[in-house]
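One-letter residues, chain by chain:
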Amino acid sequence: MSHEAAGVPTTRNDEDRRDDVPQDSDDVQDVQQDEAGEAAGPEDAEQRPEARLARAVQVAEQALIEFEIAVETFRVEVENFSRLHHQKLGPMYARLDELDALIAEARAAKTGDPEDERKAREARAVVMPMPGVDELFHDWMDTDGLSPEAAAMLTEQPVRPPKRVRPSEEARRLYRELARKAHPDLAQDEVERQRRDEFIARVNAAYGRGDVELLKELVAEWEAGPVQPPAPLSESEELYARLEWLSRRKELLTVLAKELEDGAIGSMLRMAPDDPDQLLEDIAEQLLGEVSRREAELAEMAQQ
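Cut-offs used in this document
Residues numbered from 1 in each chain as written. Predicted model: local features only at pLDDT ≥ 70, side-chain atom pairs only at ≥ 80, totals over all residues. Heavy atoms only, no water. Core = buried A, V, L, I, M, F, W, Y, C linked by side-chain atoms within 4.5 Å. Buried < 20%, exposed > 50% of the residue type's maximum accessible area, 1.4 Å probe, protein only. Helix = DSSP H or I, 4+ residues; strand = E, 2+ residues; numbered from the N terminus. pLDDT = per-residue confidence, 0-100. Contact = heavy atoms within 4.5 Å. Phe/Tyr/Trp six-rings, centres within 6.5 Å; stacked < 30°, edge-to-face > 60°. Arc of directions from axis to C-beta. Axes fitted to C-alpha atoms, helices over the stretch in contact; angles between N-to-C directions. Parallel < 35°, antiparallel > 145°, perpendicular 65-115°, else oblique. Left-handed = near helix turned anticlockwise from the far one by under 90°. Nonpolar A, V, L, I, M, F, W, Y, C, P; charged D, E, K, R; others polar. Polar contact = N/O pair within 3.5 Å; in protein donor to acceptor, adjacent residues only side chain to side chain. Expected span 1.5 Å × (residues − 1). Salt bridge = Lys/Arg side-chain N within 4 Å of Asp/Glu carboxyl O.

## Some thoughts on the nonpolar core
Counting 24 residues, the largest nonpolar core has Phe81 and Leu89 as the members making the most contacts within it. Elements represented by at least two residues in this core include exactly α4 (49-111), α11 (236-262), α12 (264-271) and α13 (276-303). Looking at this core element by element, the count peaks at 10 residues for α4. Residues Tyr175, Val203, Tyr207 and Leu215 belong to the second largest nonpolar core, which totals 20 residues.

In structure tokens:
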């Protein structure tokens, strides 16, 4: 920090300084003590433990927010990829299972072999499984509870599924801007935290759908709302507790990020980090080829 920034005046030339020096030794000592106190005051204030803790809290808050933005961005991509994967490729997988069962049944009928009959029964069981909890509630629940699609159907609102795996660059920019400004972790009291929680939930929903226009409206809404004043320095105990909370929050987010990355969809996304939408198209093309080959095999068996 420069002297000017710290509030310490610049040094005058030697001649001026000699004219101002008191002749009495006691006066000299008093002046030196006064000058030392004035110069050290701002530095001492900056070195207060509370000030250092406050700076540490601010740094930790910003780091946590950036980490949450990254995790939420990846979570949206994973959930969008999962939904689009089910919508686009689900029928192809179902057709492949049906063809596998038909081929196995045709082979068993032709050979009469007990092993072929067992394989045919297993193949048919894949096509018509007993529904489990996951199947019954597929696409009705997500990491936030009831999915937007399910909520829309229950309230007779139009369903707005995501248009693509990764929201556009404009949507991502607007989302980051809103998250950094309105993040609940920046709240200093419970009322403000609740307001921010509700607002960020709307931001996350709009970002998940890639709704740029709604995100722009939310930017304008936040800018028109009350401005949160800078938080005053807290007591040491409160600052330590804040740092501990931020640390625990980051640990939870790290676990969530790990689960997302290690999941089946997260692993698929890592195969095409730059263009996950194209990955869906490539998989669809491969599945269509598999469907064609199995249909040809089944037709050939029927002719024999």
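## Comments concerning the confidence of the model for the protein chain
Across the protein chain, the average pLDDT comes to 74, with 69% of residues at 70 or higher. Put simply, helix α1 (residues 3-6) is where the protein chain has its lowest mean pLDDT, 38, and helix α8 (residues 169-182) is where it has its highest, 91. Low confidence marks residues 1-40, where pLDDT is under 50. Its contacts with residues over four positions away, or in another chain, come to 14 contacts. Segment residues 130-146: pLDDT under 50, and 22 contacts once partners within four positions in sequence are set aside and those in other chains are kept.

## Description of the packing of aromatic side chains
Taken as a whole and assessed by the stated rule, the structure comprises two aromatic pairs. Plain terms: the ring middles of tyrosine 175 and tyrosine 207 are 4.4 Å apart, the flat faces sit at 15 degrees to each other, and that makes the pair stacked. With a gap of 32 residues between them, tyrosine 175 in helix α8 and tyrosine 207 in helix α9 (residues 190-209) connect regions that are remote in the sequence. Accessibility classification places tyrosine 175 together with tyrosine 207 in one group, the buried group.

## Digging into the environment of glutamate 281
In this fold, glutamate 281 is placed in helix α13. A relative accessible area of 40% means that glutamate 281 is categorised as partly exposed. Note: C-alpha distance between glutamate 281 and histidine 85 (196 residues apart in sequence) is 9.7 Å.

## Topic: α12
Every buried residue belonging to α12 is among Ile265, Gly266, Met268 and Leu269, and all of these are buried. Axial view of α12: buried residues confined to an arc of 160 degrees, hence all on one face. Opposite the buried face of α12, by more than 90 degrees, sit the exposed residues Ala264 and Met271. Packed against the buried residues of α12 are α4, α11 and α13.

## As for the packing of α4 against α11
The interhelical angle for the contact between α4 and α11, taken along N-to-C directions, is 20 degrees, at an axis separation of 9 Å. Looking at the two axes, α4 sits roughly parallel to α11. For the pair α4 and α11, the sense of crossing is left-handed. Here the contact of α4 with α11 is composed, by residue class, of 19 nonpolar, two polar and eight charged.

## Here we look at the side chain of histidine 183
Locating histidine 183 in the fold gives a position in the loop between α8 and α9. Among the residues examined, histidine 183 registers a relative accessible area of 7% and is labelled buried. At 2.8 Å, the side chain of histidine 183 and the side chain of glutamate 68 are in polar contact. Not counting the four nearest positions on each side in its chain, histidine 183 is found in contact with Ile65, Glu68, Leu178, Arg196 and Ile200.

## What about α11?
Over its 27 residues, α11 runs 39 Å from end to end, which matches the ideal 39 Å to within 8%, given 1.5 Å per residue. If you check which residues of α11 are buried, you get Ser236, Leu239, Arg242, Leu246, Leu253, Ala257 and Leu260. In the core, the buried residues of α11 are packed alongside α4, α9 and α12.

## Regarding the pattern of salt bridges
Overall, the coordinates contain 25 salt bridges when judged by the stated rule. Its salt-bridge partner being glutamate 295, residue arginine 95 comes within 3.2 Å of it at the nearest N-O pair. Here arginine 95, found in helix α4, pairs with glutamate 295, found in helix α13; they are 200 residues apart in sequence, far enough to count as distant. Residue class for arginine 95 comes out partly exposed when judged on its relative accessible area of 34%. A salt bridge links aspartate 100 to arginine 294, with the shortest nitrogen-to-oxygen separation between them at 2.6 Å. Taken together, the residues aspartate 100 in helix α4 and arginine 294 in helix α13 connect sequence positions 194 residues apart. Of the residues examined, aspartate 100 reaches a relative accessible area of 30% and is grouped as partly exposed. Connected through salt bridges with shared partners, the residues Glu170, Arg173, Glu177, Lys181 and Glu223 form a single ionic network.

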